[in-house]
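Each chain, letter by letter, is given below.
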Amino acid sequence: MSAQGILITAFAGAGLSYALGLTSARLREVFAIVVSVLLVCLIAITHGQGAEHVYYPDFLGLDLVLRMDALAWFFAITVSMVGCLSVIFSLHYVRGKEKENFYYFALLLVNAAMLGIVLSGDLLSFFIFWEIMSWAAFLLISYKRGRALDAGLKYVIMSILGSCAMLLALLYLYANYNTLVISDLAQQIRSAAGGFPLWVMLAFALGFGIKCALIPLHTWLPDAHSEAPSPFSAVLSGILIKMGIYGFILVMYGVVGLKLLLEVGAPWLHFHTVLCWLGAITILIPTFIALLQDDAKRLLAWSSIGQIGYIMLAIGVATSLGLAGALFHTLNHAVFKALLFLAVGAVEYKTGGVRDLNRLGGLIRRMPVTFACALIGGLGLIGVPLTSGFVSKWLIYKTLITEGHPFLALAALVGTWGAILYVYKLLHNMFLGQLPEKYANLEAAPFSMQLPLMICGFIIVLFGILPGIPLSVIGGIVGTLGFEPVTATLTGFGPQIGPLNTLNLCAAFAGVLLVIVAFRGIAARPKPVSQDDSYAAGAAAPAGKYHHTVRFYDPLERMTGGYLRDWVDQFYLSAAGKAKGVFNGVRRIYTGDVRTYVMYIVALLTFLIFAHTAGWL
Amino acid sequence: MTRIIQLVLSPLIALVVGVLLLGLSRKIIARIHRRYGPPIYQPVIDVIRMMSQRSISHGSLFDLGVVFALAGSLVTVMFIPLGGTQACQPFAHGVLCPLSSSGGLLVVMYLMLLGPLGLALGAGDSANPNASIGVSRKLLLALAYEVPFLLVILAVMSHYETISLTEIVARQQQAGWGALSVPLSAVAAFLILPAMLGVRPFDLVSAPQEIASGPMAEYGGRSLALIKLYGATHLFLVIALFVDLFLGGGVNLATFLLKMLIVFMAVEMINAVLPRVKIEDAIKFCWKWPAGLALLQMAITVLSKSG
């Protein structure tokens, strides 16, 4: 199956699901799932193929090209997987809400457009699919109206700015090389000299940086992620922002190439070094902001920005291990962040829209499966050994330390220790502690919501114990982008890359666990007691009100809260406010009085005549 | 075969030595306070007593969290070199570090997370606010001491240009102790040792008089016995890591344990005389002095490497 077939299936699926929804809601749901699963299968069977063909010759004098290679396949399978899981999750989530047809159409369209982006073989198709994705995403972010509309507007304005920058880069490239086909550009740009590649990359970096929420271009993300419907938040955080990452990798290593990239910028300050440091800042600040959030989805949104920092940092280092770590972390983050957003979505669905971390608690008793999956996702996010997040973060740290960037490594490591705090806060405030009385009879989430969670959880553990499965694909991609291929064993790395064997770790852990459980078995079984039967220094514990959640990290909050406002967002908003004032002033010249307009015309004519006689024109 | 013996041996050593150190700690503090103190094997008696008592349970995570904490810390021990093995020659060769080829210092750092995390999850499930407050303090304290600790680790790794702990130890035995090559890091690491061990002046996590032992508020019986063993293993782990990073590990197990004993005594001296600090002050302290020293050492290391 070629790239063309995949895209036709994806786009036709989106259109047809809308048409089918007009006749029967049930039919549309089945169809949407069939299309998403079909896409995963279609992409899976194209593994290892490399093809490039023109699908629309001579469009405005340019050939539109589709291609399939290792990098495209890797992103395509991630996109289709997460897309499929979010469609399955949506079944119950949107059932009975308004505009269901529109929802499914837009969701499938976003997924199709993202497949289009990664399968594009020329930058014009890339741009077209990029715009389809941006606009379809806008429709979904503002699906709930109200505050969501503001969030969507913020998103779309920033997206447009990014698109303009990207278009500028496209024009610049076209004016110089007369082609936008990626493989041709990569051939021709090698001879480029001076500031040309820098300007092209800066313009692209603006477009991609806004999409993947690199600080200081991140301000749309916290609003958009928290206001969007939860299944779409999973898509948004899991894969849509990764399109920015894909763009960075494509332009930096696919088009400009490693050799030229290392020279771009001033001799004392290279482009990729700046990217590294931006990545480090993007890890640190959002991590500490995430600690202070009370809205579950907002907390996860800030965490997404932080994790993007890791990926950007690893891309910027420009080594084969670093890029492997970046790609692996991209996959991991897609899986565990989708899981966490869906888990929060399941809680939100069952409790009637509550995602305030101070109003939940104790849900482990009512939703044990959701909690277990969320726990795995959280551990993956921290990067605890035996989850996939550990291996990708290990690769990133290892690169930073051996390449001699201990300060960047420090930022990455501190970010992880911050992540522990916000992950615990999320899990504790929602699932642990006391169960409020009104949720005492809550039912578990329906199976269609639990299934995506379980699949994600399974992937996290599987790739954590056998990281060789994804790393064999990733090692190959790194090889095609001009680096030395990374060779990993099924269970980690040999002595030349660094000692790591996750299977031994798993076996040791399992063995010790068994011994402890056996030892514990000697003692009598403990007596189960209710949550109210707890120690309160002799007083009776008040039911349902005996839960420590509000300002969970109060001492730190008091110390850092003053510094951790989103300065960048405030700056943009004040800039927007000032601009509005200026435009309001300009508007006053339209008085609506004909005499004023006559005066403008006379004044202009006078100026022209004067200029002419003075010899200016 | 020797490998299997090593795999059993190193967690056992950690448990036995850790428990005895806990007993020794009470003895030392008692003597400084001019009391007689309990016998040194008192923690063993405690564990046996607790195992024989029937406890309560607030849920499966409440029970399992503790198991994970103990398992995590025992697995971590297997990644830490416990000195050469000349003393127990027929059973083991080379360095006593059964899983050294499966992971280096980065793995150790991450595995050390499993203990606090397991305990935090278990305690969170107990639905007691004292426990939650304790966990909140524990995580904040961890963030506080991890910043200097990470700086220390990074300086050491940059200095020896490796992430393998056995190699770091081997290099020290050839070219002198880490305490001499990266002295400021060693000082910083020593300053945060009480925080990492959770002893005074940083015993604000359990703080029995304020928050009813914090995370342990609801635990009793067999779970509390496991927590005790976890505490012992953790104590062993932290001090062993300090010895490996800065005091050149050990030529054999005996010298290794001797060095551990000396470091432990020094920490206990501080433990015995200082009062408890507030969590804010703990964070401020850790981010000021140890972090400053460690940062300085890292800058020096980086400059000397690039120069």
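Rules used throughout
Residues numbered from 1 in each chain as written. Chains lettered and ligands numbered in written order. Predicted model: local features only at pLDDT ≥ 70, side-chain atom pairs only at ≥ 80, totals over all residues. Heavy atoms only, no water. Helix = DSSP H or I, 4+ residues; strand = E, 2+ residues; numbered from the N terminus. Contact = heavy atoms within 4.5 Å. Areas by Shrake-Rupley, 256 points an atom, 1.4 Å probe, with all protein chains shown as cover. Lys, Arg positive; Asp, Glu negative; His and termini not counted. Charge placed at Lys NZ, Arg CZ, Asp CG, Glu CD. Rg over C-alpha atoms; globule rule 2.2 N^0.38 Å. Salt bridge = Lys/Arg side-chain N within 4 Å of Asp/Glu carboxyl O. 1 Å grid on protein atoms, 1.4 Å probe; cavity = no way out; pocket = protein on both sides within 12 Å on 5 of 7 lines; lining within 4 Å. Points joined across faces, edges and corners; volume = space filled by probe spheres on them. Nonpolar A, V, L, I, M, F, W, Y, C, P; charged D, E, K, R; others polar. Buried area = accessible area lost by both parts, 1.4 Å probe. Pairing = 2+ DSSP bridges. Buried < 20%, exposed > 50% of the residue type's maximum accessible area, 1.4 Å probe, protein only. Domains from an automatic or database assignment. Axes fitted to C-alpha atoms, helices over the stretch in contact; angles between N-to-C directions. Parallel < 35°, antiparallel > 145°, perpendicular 65-115°, else oblique. Core = buried A, V, L, I, M, F, W, Y, C linked by side-chain atoms within 4.5 Å.

## Points about the overall build of chain A
Along chain A, the regular secondary structure elements total 24 helices and 7 strands. Overall size of chain A, expressed as C-alpha extent along the three principal axes, is 105 × 65 × 55 Å. A fraction of 78% describes how many contacts in chain A between residues 6 or more apart in sequence connect residues 24 or more apart. Surface exposure of chain A reaches about 23500 Å², of which carbon and sulfur atoms provide 68%. Side-chain charges of chain A comprise 38 positive and 29 negative groups, with the mean position of each set lying 7 Å from the other.

## Comments concerning the overall build of chain B
For chain B, the count of helices and strands is 12 helices and 1 strand. Going from N to C terminus, chain B has its helices and strands arranged as α-α-β-α-α-α-α-α-α-α-α-α-α. Taking 307 residues into account, the globule formula puts the C-alpha radius of gyration at 19 Å, and chain B, at 19 Å, falls close to it. For chain B, the spread of C-alpha atoms along the three principal axes comes to 60 × 50 × 40 Å.

## A word on the pattern of salt bridges
All names here are of chain A. Here the structure, examined in full by the defined rule, presents 21 salt bridges over all chains. Between glutamate 348 and lysine 144 there is a salt bridge; the shortest N-O distance is 3.5 Å. Here glutamate 348, found in helix 15 (residues 320–350), pairs with lysine 144, found in the loop between helix 5 (123–141) and helix 6 (147–177); they are 204 residues apart in sequence, far enough to count as distant. Each of the salt bridges in this network shares a partner with another, and the network as a whole consists of Lys144, Arg147, Glu227, Asp295, Glu348 and Arg355.

## Let's talk about empty space enclosed by the protein
The rolling of a water-molecule-sized probe over the atoms marks out the regions of remaining empty space. This structure, assessed with the given rule, holds 5 cavities of 30 Å³ or more. One number sums up the size of the largest cavity: a volume of about 150 Å³. Taken together, 16 residues make up the lining of the largest cavity; nearest its centre are Leu113, Pro116, Ala142, Tyr145 and Glu146 of chain B. For the lining of the largest cavity, the secondary-structure elements that each account for two or more residues are helix 18 (406–431) of chain A together with helix 4 (105–124) and helix 5 (129–160) of chain B. The greatest single-element share of the lining of the largest cavity, amounting to 6 residues, is contributed by helix 5 of chain B. Looking at the lining of the largest cavity residue by residue, the classes come out as 13 nonpolar, 1 polar and 2 charged.

## A few points about the interface of chain A and chain B
On the chain B side, the residues contacting the 66 residues of chain A number 70 residues. Summed over both sides, the interface of chain A with chain B buries roughly 6400 Å², with 78% coming from carbon and sulfur. It is Trp417, Tyr424 and Arg520 of chain A in chain A that bury the most area against chain B; as a group they hold 12% of the surface buried on that side. Taken together, the links from chain A to chain B amount to 2 salt bridges. Where glutamate 280 of chain B meets arginine 558 of chain A, a salt bridge forms, and the shortest distance between an N and an O atom there is 3.0 Å. Listing elements by their share of the side of chain A that touches chain B, those giving two or more residues are helix 16 (368–382), helix 17 (388–402), helix 18, strand 6 (500–501), helix 21 (502–520), strand 7 (527–528) and helix 22 (554–560) of chain A. Per element, the largest residue contribution to the side of chain A that touches chain B is 13 residues, and it comes from helix 18 of chain A. Among the residues making up the side of chain A that touches chain B, the classes are represented as 46 nonpolar, 12 polar and 8 charged. Note that strand 7 of chain A and strand 1 (residues 56–57) of chain B share 2 bridges and pair parallel.

## Let's talk about the pairing of strand 1 (residues 51–59) of chain A
Residue and element names in this part refer to chain A. Two strands pair when backbone bridges link them, and strand 1 and strand 2 (residues 62–68) are joined in this way by 6 bridges, in the antiparallel orientation. Looking across to strand 2, one finds that alanine 51 is bridged to methionine 68. Hairpin connection of strand 1 to strand 2: 2 residues between the antiparallel strands, including leucine 60 at a positive phi of 55 degrees.

## Description of the side chain of serine 233 of chain A
Following the sequence through the fold, serine 233 of chain A ends up in helix 10 (residues 230–240). Residue serine 233 of chain A is classed as buried on the basis of its relative accessible area of 0%.

## Regarding the layout of surface pockets
Residues and elements named next belong to chain B. The computed volume of the largest pocket comes to approximately 1400 Å³. Along the wall of the largest pocket there are 41 residues; nearest its centre are Leu22, Leu197, Gly198, Ser206 and Met216. Going through the elements one at a time, helix 1 (2–32), helix 2 (42–51), helix 4, helix 5, helix 8 (183–197), helix 9 (208–211), helix 10 (221–246) and helix 11 (253–273) are the ones with two or more residues in the lining of the largest pocket. In terms of residues, the lining of the largest pocket owes the most to one element, helix 10, which gives 7 residues.

## Overview of the domain arrangement of chain A
Segmentation of chain A into domains returns domain 1 (325–517) and domain 2 (571–613). Relative placement of domain 1 of chain A and domain 2 of chain A: their C-alpha centres are 57 Å apart.

## Details of the packing of helix 4 (residues 100–119) of chain A against helix 10 of chain A
Residue and element names in this part refer to chain A. The geometry of helix 4 relative to helix 10 is characterised by a closest axis approach of 12 Å and an angle of 10 degrees between their N-to-C directions. Here helix 4 is positioned roughly parallel relative to helix 10, judged by the angle of their axes. Each of Tyr103, Leu107, Val110, Asn111 and Met114 in helix 4 lies in contact with helix 10, whose residues at this interface are Pro231, Phe232, Val235, Ile239 and Leu240. Among the residues forming the contact of helix 4 with helix 10, the class breakdown is 9 nonpolar, 1 polar and no charged.

## Brief notes about the nonpolar core
Among the nonpolar cores identified, the biggest contains 341 residues, and Phe232 and Tyr253 of chain A are the most heavily contacted of them. For tyrosine 253 of chain A, the contacting residues outside a window of four places in its chain are Phe248, Leu258, Leu261, Ile315, Ala318, Leu323, Leu481 and Phe483 of chain A.

## A short note on unusual backbone geometry
That bond from isoleucine 215 of chain A to proline 216 of chain A is cis: its omega, 10 degrees, falls within 30 degrees of zero. In this fold, proline 216 of chain A is placed in the loop between helix 8 (196–211) and helix 9 (220–227). Arginine 200 of chain B connects to proline 201 of chain B through a cis peptide bond whose omega is 5 degrees. Relative to the assigned elements, proline 201 of chain B resides in the loop between helix 8 and helix 9. Unusually for a residue other than glycine, alanine 318 of chain A sits at a positive phi of about 60 degrees. By the element assignment, alanine 318 of chain A lies in the loop between helix 14 (296–317) and helix 15. The buried category is assigned to alanine 318 of chain A, whose relative accessible area is 12%. One non-glycine residue with positive phi stands out, namely glutamate 161 of chain B, at about 50 degrees. Summarising the element assignment, glutamate 161 of chain B is placed in the loop between helix 5 and helix 6 (165–175).

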